[in-house]
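Structural overview
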Amino acid sequence: YEEYTYRSIRVSVLRVSPDRFRFEYHTSRKPMTPEEWLAATNGVAVINAGMYAEDNFQHVGEVVFRNNRMPSIPMKGYQGIFAFDPRYPGFPKAAIFDLNCTPLTYIKQNYRSYIQNMRFTSCVDGEQLWHRWKKSHSMSILGQDSAGNILLIFTPSDISPRNFRELLRNLGVGLKNSVYLEGGKEAGMAVEYGRFKFVGFSRGKPFPIPNVITVHPLKED
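What comes next is a walk through the structure. (Residues numbered from 1 in each chain as written. Predicted model: local features only at pLDDT ≥ 70, side-chain atom pairs only at ≥ 80, totals over all residues. Heavy atoms only, no water.)

1. Let's talk about the packing of aromatic side chains
- What the rule picks out here adds up to 15 aromatic pairs.
- Consider the rings of Phe65 and Phe84, whose centres lie 6.2 Å apart with planes at 45°: the pair is tilted. Of this pair, Phe65 sits in strand E6 (residues 63-65) while Phe84 sits in strand E9 (residues 80-86); the two residues are 19 residues apart in sequence, bridging distant segments of the chain.
- Take Phe65: its relative accessible area is 10%, and that puts it in the buried class.
- Judged by its relative accessible area of 1%, Phe84 falls in the buried class. (Phe/Tyr/Trp six-rings, centres within 6.5 Å; stacked < 30°, edge-to-face > 60°. Helix = DSSP H or I, 4+ residues; strand = E, 2+ residues; numbered from the N terminus. Buried < 20%, exposed > 50% of the residue type's maximum accessible area, 1.4 Å probe, protein only.)

2. What to know about the pairing of strand E14 (residues 177-183)
- By the criterion of burial, E14 is predominantly enclosed, with 7 of the 7 residues buried.
- Here 2 bridges tie strand E11 (residues 111-119) to E14, and the two strands are oriented antiparallel to one another. Bridged to Met118 within E14 is Tyr180. (Pairing = 2+ DSSP bridges.)

3. Some points on the state of the cysteines
- Tallied over the full model, the rule gives 1 disulfide.
- Between the sulfur atoms of Cys101 and its disulfide mate Cys123 the distance is 2.0 Å. On the S-S bond that ties Cys101 to Cys123, the torsion sits near 95°, and the link is right-handed. Of the two residues, Cys101 is situated in the loop between strand E10 (94-98) and helix H2 (104-110) and Cys123 in the loop between E11 and strand E12 (137-144); the sequence distance between them amounts to 22 residues.
- On the accessibility criterion, Cys101 (46% relative accessible area) is partly exposed. (Disulfide = S-S within 2.5 Å.)

4. What about the environment of Gly77?
- The residue Gly77 is located in the loop between strand E8 (72-73) and E9 in this model.
- As for Gly77 and Val215, which are separated by 138 residues in sequence, their C-alpha atoms are 27 Å apart.

Structure, rendered in structure tokens:
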């Protein structure tokens, strides 16, 4: 766990090794706070899986978990994919892909689980993302560094996505690929591992959400 403060912007980063931890996708018609999701799934960390539809349930973007299609709405314009549970040895146990550089057919052929979201960074040099989005709000981001770690990133501070991306770059967080999960009051993150506990939320109190990504320790042989 890493914590940064730059001027008034606070950032929390949980760096997770896929060689030591596994990921799951969970959904419920009865939304729960991140802490409640931790208790319900016996996880050690939880973050938004992404944005959800007006029915307060379906994930906006295609979701397949362990070869099962989950309640979700595929989005042609969403080019970011978080994939895990590889079908074959030798593939990264978890990775974030940009469909501009990796075809979706490749991901479907080689992974049992994947979650579609908007890109937060681009694999194309010079491509501008989020430059038209002027709103400032709290955010949940899922990233990957050059060592293959998956990064759960949360800020409770009001900042635009473009400025937040630049801030993360200046802080040296090490984002290689990343996807945007959620912004505003719905954004949240929770960690409880050993004696360490962190609960991140925008303001007031944690907000109940219907779909999450959870982190679980791998069982030792």
